[in-house]
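# An overview of the molecular structure
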Amino acid sequence: MADRYIEVSLAKRGVQATAKLLDDRAPVTCAAVWDALPLGGEVFHAKYARNEIYALFPAFAPEEPPLENPTITPIPGDLCYFTFTGTELGTKSYGYDQDQRGTIVDLALFYERNNLLINGDVGWVPGIVWGQIVEGLEEMAAACNDLWRSGALGESLNFRRAS
């Protein structure tokens, strides 16, 4: 299979990066995401994992991927896939405005070092590493840091096939 690439962007900040899908390490997850593209939604900055931005989506795969290519210590440029039930994200401490029900998919971008996927409510939260930023990480990291410092309101995180 030829290498596949996607574009990851923060619309309001006008920044984008290119990521290579890790089809050799996470084939089921890559296929699920690829087939669902384009995807976009309200962006959030992590509270627990540190240098992470993410968007939440209703389940889009016919069947949730297995835990392939897992990590609890993502590195800069990793794209991770997490699956949660609505009740796992339903506590007020998470701060989501909408009612979370059913299966929720979290597509995340890690933009800097020293991340640890542990949550005070549930413990370790392994993610599936399905992509790696290969171009534009420095600009994306600066935008992510700005999002952390000045707020995410009105910003969206988008994923689409690279042209």
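What counts as what
- Residues numbered from 1 in each chain as written.
- Predicted model: local features only at pLDDT ≥ 70, side-chain atom pairs only at ≥ 80, totals over all residues.
- Heavy atoms only, no water.
- Helix = DSSP H or I, 4+ residues; strand = E, 2+ residues; numbered from the N terminus.
- Rg over C-alpha atoms; globule rule 2.2 N^0.38 Å.
- Buried < 20%, exposed > 50% of the residue type's maximum accessible area, 1.4 Å probe, protein only.
- Areas by Shrake-Rupley, 256 points an atom, 1.4 Å probe, with all protein chains shown as cover.
- Lys, Arg positive; Asp, Glu negative; His and termini not counted.
- Charge placed at Lys NZ, Arg CZ, Asp CG, Glu CD.
- Salt bridge = Lys/Arg side-chain N within 4 Å of Asp/Glu carboxyl O.
- Pairing = 2+ DSSP bridges.

## What about the overall build of the chain?
Of the regular secondary structure elements, the chain holds two helices and eleven strands. Reading the secondary structure of the chain in the N-to-C direction produces β-β-α-β-β-β-β-β-β-β-β-α-β. Its C-alpha atoms give the chain a radius of gyration of 15 Å, within 12% of the compact-globule value 15 Å for 163 residues. With the C-alpha coordinates aligned to their principal axes, the bounding extent of the chain is approximately 45 × 35 × 25 Å. Among the 163 residues that make up the chain, the fraction classed as buried is 50%. In the structure as shown, the chain presents an accessible area of about 8,400 Å², 51% of it carried by carbon and sulfur atoms. Taken together, the 13 basic and 22 acidic charged side chains of the chain have centroids lying 4 Å from each other.

## So, the pattern of salt bridges
Under the definition given, this model contains five salt bridges. A salt bridge links Arg-160 to Glu-7, with the shortest nitrogen-to-oxygen separation between them at 2.9 Å. Taken together, the residues Arg-160 in strand β11 (residues 156-161) and Glu-7 in strand β1 (residues 5-10) connect sequence positions 153 residues apart. Salt-bridge contacts for Arg-13 lead to Asp-146; the nearest nitrogen and oxygen are separated by 2.8 Å.

## Describing the pairing of β11
Strand direction decides the pairing type here: β1 and β11, joined by five bridges, are antiparallel. Each bridged residue has a counterpart across the sheet, and for Val-8 the counterpart in β11 is Phe-159. Judged from the four bridges that link them, strand β3 (residues 39-45) and β11 form a sheet pairing that is antiparallel. By the bridge assignment for β11, Gly-40 is matched with Asn-158.

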